[in-house]
Amino acid sequence: MSLNRQTYKLPGSLSGPFAAARDDWKKNEKVRRLWQCDASLWTGTDENKWLAWLGITAEQLAHLPVFQEIAADVRQAGFKHALLLGMGGSSLCPEVLRMTFGKIVGYPELHVLDSTDPAQIKAIESKVDLSSTICIVSSKSGSTLEPNIYKQYFFERVKEKVGDAEVGQRFIAITDPGSKLQEVAERDKFRKIFFGVPGIGGRYSALSNFGMVPAAVMGIDVAKFLNNTAEMVKACGAAVPADSNPGALLGIILGVAANHGRDKVTIVASPGISDLGAWLEQLLAESTGKVGKGIIPVDREPLAHPDTYGNDRVFAYLRLETAPDKSQDAAIEVLEAAGHPVVRITVDNIYNLGQEFFRWEIATAVAGAIICINAFNQPDVEASKIETKKLTSQYEKSGQLPEESPFFAGDDVKLYADDKNVEVLKGKPRLAEVLKAHLGRLRAGDYFAVLGYITMNDANEKAMQSIRLAVRDRKKVATVLGFGPRFLHSTGQAYKGGPNSGVFLQITCDDAVDLPVPEQKYSFGVVKAAQARGDFAVLSERGRRALRVHLGKDVAAGLATLTKAVKQAIA
């Protein structure tokens, strides 16, 4: 066992404020107060109810037989695949583990579904043998729309393969005690129910059963993983003062930087641990992005020349010691030499990933205290859910979503926006001219967001990356990229509740294929459309600079048209 090392280099403009905050945290024993669940570190509301994650590693280590038993059970049953059905905090940690550890010999291969896009659901379904798959329905509240309709769909599909008597034995639930999902799992005779801890919010739940049960199912040595994690828990402990506490130091850097205008934390991770960025995005954005403040995490944005970046960045480099990327090493050296703030974290091996889960949870809590927000609520996530629910309820009654009128139609795309944004963008004869007006609103310190309610696959990501990087390089602004609806449970909180510095390009499409949701009138395609509209409505209501581009059924052709128009708009 070893402790992942951390170093940092800050420009002069941050060094003084950082030192002052570090000394304040040490002198006033704020690390100890954090471990004592002192809500006055944040806003003095209910923060003390949401800190059970501090003790979860020790709690899990005391119950290792639970993980050994489920691992042995699925192995002996001979399941080829495990399919996790969840969103946000229930799906992002398992996805990181899947992408980092890969298929482990003798255990089921883990797949993760966190989209309502019909083509994506079909793509996942085609990768698994449903007659030899254990499905894991993961939902803390047990009332989240997506896991519930995934369960309805796959329960019927598995039943077709194995019959009424056996279907329940092909499902596991992970949920908080007393939830609706627990009732459903008991009624349908699920193989096993694992409970979450009510005092741990979804994004802080990686080391709880929401992360560790899927880890055990896919064959990760959970005892080794948690024992390695315990080293970081000790290093970040209550008795370790802020100036030598790795989690607190990182949090002080992030919080102070955000308060001084460097609120775009750019995550750079070695290829072998690259998916860690998706988990960090949710933790940072959903925890800090509210009441007009917060950190905007930037993930999967390839590094560029230092001149590409403004004075709003902090770079966090997570370097996998066993498989570093030389080009990343070189680029980080150049950025550091140019005076950008850089935090370097050396991850000794992939079994030390849990150390990063814990370090960054502590850091996020500390940063939240310095930014002066409640790091444990998500007030603006609910707003989108309410708008979506209105639309799906209307569909259940009338069999259709409300009519919409585009303010522009041409080049095989339609454009939508609220009245305030239309006022700025209307009257342009070509798509490129509308985009020029929209992107012309980007200013220093802003960020550009490409948010696609389309199938999350390599081709679509490549097209969206092309758009984001063209804008970054031309406009010299931070850029973010997300697939809906998954980002709604992740970065969506910061986009709606954080600083009003985002310029948003939402991409929607007509689904070439759709899938029914058993027991409902609405389909998965209708749910996705409702989620996109609900998301856009809240962005608009919050006064965001937002434009929605609706493609036809040929998404590849539509993205090609959009990419070309964006490049013309910024030429």
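Small disclaimer: the values here were computed from a predicted structure and weren't measured.

1. Regarding the overall build of the protein chain
(1) Moving on: For the protein chain, the helix and strand inventory stands at 22 helices and 16 strands.
(2) Moving on: Computed over its C-alpha atoms, the radius of gyration of the protein chain comes to 23 Å, within 12% of the 25 Å expected for a compact globule of 571 residues.
(3) Moving on: The buried share among the 571 residues of the protein chain stands at 61%.
(4) Moving on: Here the analysis covers contacts within the protein chain between residues at least 6 apart in sequence; of these, 79% occur between residues at least 24 apart.
(5) Moving on: Charge separation in the protein chain, taken as the distance between the mean sites of 69 positive and 66 negative side-chain charges, equals 3 Å.

2. What about helix H5 (residues 92-101)?
(1) Moving on: Counting buried residues in H5 gives eight out of 10 residues, a clear majority hidden from the surface.
(2) Moving on: On its buried face, H5 sits against strand S2 (81-85), strand S3 (109-113), helix H10 (209-217), helix H11 (222-235), helix H13 (276-288) and helix H15 (353-371).
(3) Moving on: Following H5 by one or two positions, glycine 102 adopts a phi angle in the positive range, close to 70°.

3. Digging into the side chain of glutamine 465
(1) Moving on: Here glutamine 465 shows up in helix H19 (residues 458-475).
(2) Moving on: Under the relative-accessibility criterion, glutamine 465 is labelled buried at 13%.
(3) Moving on: With residues near it in sequence (within four places) discarded, glutamine 465 still touches Arg300, Pro302 and Leu481.

4. So, the packing of H5 against H13
(1) Moving on: At their nearest, the axes of H5 and H13 sit 8 Å apart, and the two run at 165° to each other. Judged on the interaxial angle alone, H13 and H5 are roughly antiparallel. Here the hand of the crossing between H5 and H13 comes out left-handed. Residues Leu92, Cys93, Glu95 and Val96 of H5 touch H13, and the partners they reach there are Leu276, Ala278, Trp279 and Gln282.
(2) Moving on: Within the contact of H5 with H13, the residues separate by chemical class into six nonpolar, one polar and one charged.

5. A look at the sheet that holds S3
(1) Moving on: On the basis of which strands lie adjacent, the open sheet formed by five strands has the order S3-S2-S4-S5-S6 and parallel pairing. The open sheet terminates on both sides in strands that have one partner only, identified here as S3 and strand S6 (192-195). Averaged over all pairs of adjacent strands, the angle between strand axes in this sheet comes to 20°, irrespective of strand direction.
(2) Moving on: Pairing of S2 with S3, which is carried by five bridges, proceeds in the parallel orientation. Bridged to leucine 83 within S3 is histidine 111.
(3) Moving on: The strands touched by helix H9 (residues 180-187) are strand S4 (133-138), strand S5 (171-175) and S6; relative to S5, the strand with the most contacts, the crossing angle is about 160°.
(4) Moving on: Packing against the sheet, H10 makes contact with S2, S4, S5 and S6, and its axis sits at approximately 155° to S5.

6. Some words on the environment of aspartate 23
(1) Moving on: Inspection of the secondary structure puts aspartate 23 in helix H1 (residues 12-27).
(2) Moving on: Judged by relative accessible area, aspartate 23 falls into the partly exposed class, the value being 41%.
(3) Moving on: For the pair formed by aspartate 23 and alanine 62, sequence separation is 39 residues and the distance between their alpha carbons is 36 Å.

7. Quick look at the pairing of strand S14 (residues 478-483)
(1) Moving on: By the criterion of burial, S14 is predominantly enclosed, with six of the six residues buried.
(2) Moving on: In this structure, strand S13 (residues 447-452) lies alongside S14, joined through six bridges in parallel fashion. Following the sheet pairing, valine 450 is matched in S14 by leucine 481.
(3) Moving on: Once the chain exits S13 it traverses H19 before rejoining the sheet at S14, and the crossover so formed is right-handed.

8. Thoughts on the pattern of salt bridges
(1) Moving on: One pass over the structure, following the stated rule, counts 43 salt bridges.
(2) Moving on: Across the pair aspartate 263 and lysine 264 runs a salt bridge whose closest N-O atoms are separated by 2.8 Å. The residues aspartate 263 and lysine 264 share a single accessibility class, namely buried.
(3) Moving on: Among the charged side chains, a network of salt bridges with common partners joins Arg5, Arg319, Glu321, Asp329 and Asp348.

9. Focus: the nonpolar core
(1) Moving on: Within the largest apolar cluster, 99 residues are counted, with the highest numbers of intra-cluster contacts made by Trp25, Trp53, Phe225, Trp279, Phe357 and Trp360.
(2) Moving on: Sort the elements by how many residues they give to this core and H15 lands first, with 12 residues.
(3) Moving on: With near-sequence residues (within four places) excluded, phenylalanine 357 lies in contact with Cys93, Val96, Ala206, Leu207, Phe225, Leu276 and Trp279.
(4) Moving on: If you look at the next biggest cluster of nonpolar residues, it comprises 36 residues, including Leu431, Met464, Cys509 and Leu559.

10. Concerning helix H6 (residues 118-127)
(1) Moving on: The set of residues buried in H6 consists of Pro118, Gln120, Ile121, Ile124 and Glu125. Down the axis of H6, the sector holding all buried residues measures 165°, keeping them to one side. Seen from the open side of H6, the exposed residues pointing more than 90 degrees away from its buried face are Ser126 and Lys127.
(2) Moving on: On its buried face, H6 is in contact with S2, S3, helix H7 (145-162) and helix H21 (524-541).
(3) Moving on: A distance of 3.2 Å separates the backbone nitrogen of alanine 119 from a side-chain oxygen at the start of H6, and that oxygen is part of aspartate 117.

11. Overview of the state of the cysteines
(1) Moving on: Scanning all chains against the criterion turns up zero disulfides.
(2) Moving on: Free of any disulfide, cysteine 372 has its nearest cysteine sulfur in cysteine 37, 19 Å distant.

12. Some remarks on the packing of aromatic side chains
(1) Moving on: According to the stated counting rule, one finds 22 aromatic pairs in the structure shown.
(2) Moving on: Note on phenylalanine 225 and tyrosine 351: the rings are 6.5 Å apart at their centroids and 65° apart in plane angle, and the pair reads as edge-to-face. With phenylalanine 225 in helix H11 and tyrosine 351 in the loop between strand S10 (342-347) and H15, this pair connects stretches of sequence that are 126 residues apart.
(3) Moving on: With a relative accessible area of 14%, tyrosine 351 lands in the buried category.
(4) Moving on: Taken together, Trp35, Trp42, Trp53, Tyr204, Phe358 and Phe376 form an aromatic cluster joined through their ring pairs.
(5) Moving on: Over the face of the ring belonging to tyrosine 416 we find arginine 548, whose NZ or CZ atom lies 4.3 Å from the ring centre.

13. Observations regarding a positive patch on the surface
(1) Moving on: Taken together, the side chains of Lys436, Arg443, Arg474, Lys475 and Lys476 present a region of like positive charge at the surface.
(2) Moving on: Tracing the chain through its elements places lysine 436 in helix H18 (residues 431-439).
(3) Moving on: Overall, the relative accessible area of 54% leaves lysine 436 in the exposed class.

Reading guide: rules and limits
Residues numbered from 1 in each chain as written. Predicted model: local features only at pLDDT ≥ 70, side-chain atom pairs only at ≥ 80, totals over all residues. Heavy atoms only, no water. Helix = DSSP H or I, 4+ residues; strand = E, 2+ residues; numbered from the N terminus. Rg over C-alpha atoms; globule rule 2.2 N^0.38 Å. Buried < 20%, exposed > 50% of the residue type's maximum accessible area, 1.4 Å probe, protein only. Contact = heavy atoms within 4.5 Å. Lys, Arg positive; Asp, Glu negative; His and termini not counted. Charge placed at Lys NZ, Arg CZ, Asp CG, Glu CD. Axes fitted to C-alpha atoms, helices over the stretch in contact; angles between N-to-C directions. Parallel < 35°, antiparallel > 145°, perpendicular 65-115°, else oblique. Left-handed = near helix turned anticlockwise from the far one by under 90°. Nonpolar A, V, L, I, M, F, W, Y, C, P; charged D, E, K, R; others polar. Pairing = 2+ DSSP bridges. Right-handed = clockwise from strand over helix to strand, strands pointing away. Salt bridge = Lys/Arg side-chain N within 4 Å of Asp/Glu carboxyl O. Core = buried A, V, L, I, M, F, W, Y, C linked by side-chain atoms within 4.5 Å. Arc of directions from axis to C-beta. Polar contact = N/O pair within 3.5 Å; in protein donor to acceptor, adjacent residues only side chain to side chain. Disulfide = S-S within 2.5 Å. Phe/Tyr/Trp six-rings, centres within 6.5 Å; stacked < 30°, edge-to-face > 60°. Lys NZ or Arg CZ within 6 Å of the ring centre and 35° of its normal. Patch = residues over 30% accessible without salt bridge, like charges linked within 9 Å, V, L, I, M, F, W, Y side chains within 5 Å. Areas by Shrake-Rupley, 256 points an atom, 1.4 Å probe, with all protein chains shown as cover.

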